[in-house]
Amino acid sequence: MKKLFFAVLAVSAMTIASCGNKTNANAEGADSLADSSLVDTTALSSETRSTINALTSNLAEMIKNKDQKGLTMALANIAATYKALVNSGKLKDALGYGQVVKDYVTKNMDSIKAFTGNNTAISSLLTGIQNLPTNTATTAEEAKQAVSSSIVDMASSTLQKAAATGATAEAAAAALKNLPTTATDAAAAAVSNAKDAAATKANEEVDAAKSKAADAVNNVANKTNDAVNSAASKAVKGLGL
C-alpha cells in the first residue's frame, strides 16, 4: 500500500513538473513574441548613441545634485529629442532611442521621486517618456504626437527648434547636429547659453537706459524751448509788436 502511495506521488510530481515546464515555455514564447515587435537598439546610429550618452549623463547629474529645475529641462530634452529624431526622418532611430531612455528613466524612477515629491511638471515628463511609442508598427505621425508641445516648450532652445511641430526634416537634422555629444559638452553648452542670456539681458538694460536718458534730454530740451518761446512771446507783446 505504501509503495502504491509513493508511486502515485511520484507520478503526480512528474505531471506537475511537466505542466510547469509547458507553462514556462509558453510564457517565454509569449515574452519573445511581445519583444519581437520592439526595435533592435543595437542598430542605432553612432550619433544617436552619443546623444543618448550626453542626455542621460546630464540627467544623472541633475539627480545627483537634486536639482529640480535642471531635472525638468533634462527630462524635457530627452522627450523632445525623440520628436526631433522623427522630424529629421529617423523614425527607426527614434523608436530605438525611445526604448533606451524609457529603460533608463524607469531604473532611476525611485531616485527621482525621492526628492521631487509632488512636482507636477516632472511627473508629467516622466509619464510622457514612459509612454513614448517603441513598437515597430508606430507611424511617424503617431510618434510625433506622443510628445506634446507643452513638453517641447520646457526643453532647450535648440531642441525646441528641432522638435517644433512644423519643423522640416532639414531644420530638425541641422538642430540635432548642434546638440552636445558628451556630458562635458552639455555642461559647456549650458554655461555658454547662460552667458549669452546674461549678455542679452545686459544689452537690453543698456539700450533701455540709453533710451530713457535720451527721452530725459529731449524733455529738458523741449521744456527749454517752450520757456524760450514763451519769454520771447511776452517780450514781443511788451514791445507792442
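Residues numbered from 1 in each chain as written. Predicted model: local features only at pLDDT ≥ 70, side-chain atom pairs only at ≥ 80, totals over all residues. Heavy atoms only, no water.

Right, let's talk about the overall build of the chain for a bit. Helix and strand content of the chain: 11 helices and 0 strands. Helices (α) and strands (β) of the chain occur, in sequence order from the N terminus, as α-α-α-α-α-α-α-α-α-α-α. When burial is assessed residue by residue, the chain has 28% of its 241 residues classed as buried. Contacts in the chain between residues far apart in sequence, at least 24 positions, make up 73% of those at least 6 positions apart. By element, 57% of the accessible surface of the chain is carried by carbon and sulfur atoms, the whole surface being about 15000 Å². (Helix = DSSP H or I, 4+ residues; strand = E, 2+ residues; numbered from the N terminus. Buried < 20%, exposed > 50% of the residue type's maximum accessible area, 1.4 Å probe, protein only. Contact = heavy atoms within 4.5 Å. Areas by Shrake-Rupley, 256 points an atom, 1.4 Å probe, with all protein chains shown as cover.)

Of all hydrophobic cores here, the largest spans 41 residues; its most connected members are Leu59, Leu71, Leu75, Tyr82, Tyr97 and Ile129. Mapped onto this core, the elements with two or more residues apiece are helix 2 (46-65), helix 3 (68-87), helix 4 (91-107), helix 5 (109-116), helix 6 (120-130), helix 8 (149-152), helix 9 (157-162) and helix 10 (169-177). Counting residues per element, this core draws most heavily on helix 3, at 11 residues. Setting aside residues up to four positions removed in sequence, Leu75 forms contacts with Leu59, Val105, Ile122, Leu125, Leu126 and Ile129. (Core = buried A, V, L, I, M, F, W, Y, C linked by side-chain atoms within 4.5 Å.)

Bringing the environment of Met154 into the picture now. Mapped onto the elements, Met154 comes out in the loop between helix 8 and helix 9. Along the backbone, Met154 and Met73 are 81 residues apart, and their C-alpha atoms lie at a distance of 5.9 Å. Apart from residues lying up to four places away in sequence, Met154 is in contact with Thr72, Met73, Ala76, Ala121 and Leu125.

Secondary-structure assignment places Thr116 in helix 5. Classification of Thr116 by relative accessible area gives buried; the value is 7%.

The next thing to look at is the packing of helix 3 against helix 6. Where helix 3 meets helix 6, the closest approach of the two axes is 10 Å, and the angle between their N-to-C directions is 25 degrees. Comparing the axis directions of helix 3 and helix 6 gives the class roughly parallel. In terms of crossing hand, the pair formed by helix 3 and helix 6 is left-handed. Only Ile122, Leu125, Leu126 and Ile129 of helix 6 make contact with helix 3, whose side of the interface consists of Gln68, Leu71, Thr72, Leu75, Ala76, Ile78 and Ala79. Here the residues of the contact of helix 3 with helix 6 are counted per class, giving 9 nonpolar, 2 polar and no charged. (Axes fitted to C-alpha atoms, helices over the stretch in contact; angles between N-to-C directions. Parallel < 35°, antiparallel > 145°, perpendicular 65-115°, else oblique. Left-handed = near helix turned anticlockwise from the far one by under 90°. Nonpolar A, V, L, I, M, F, W, Y, C, P; charged D, E, K, R; others polar.)

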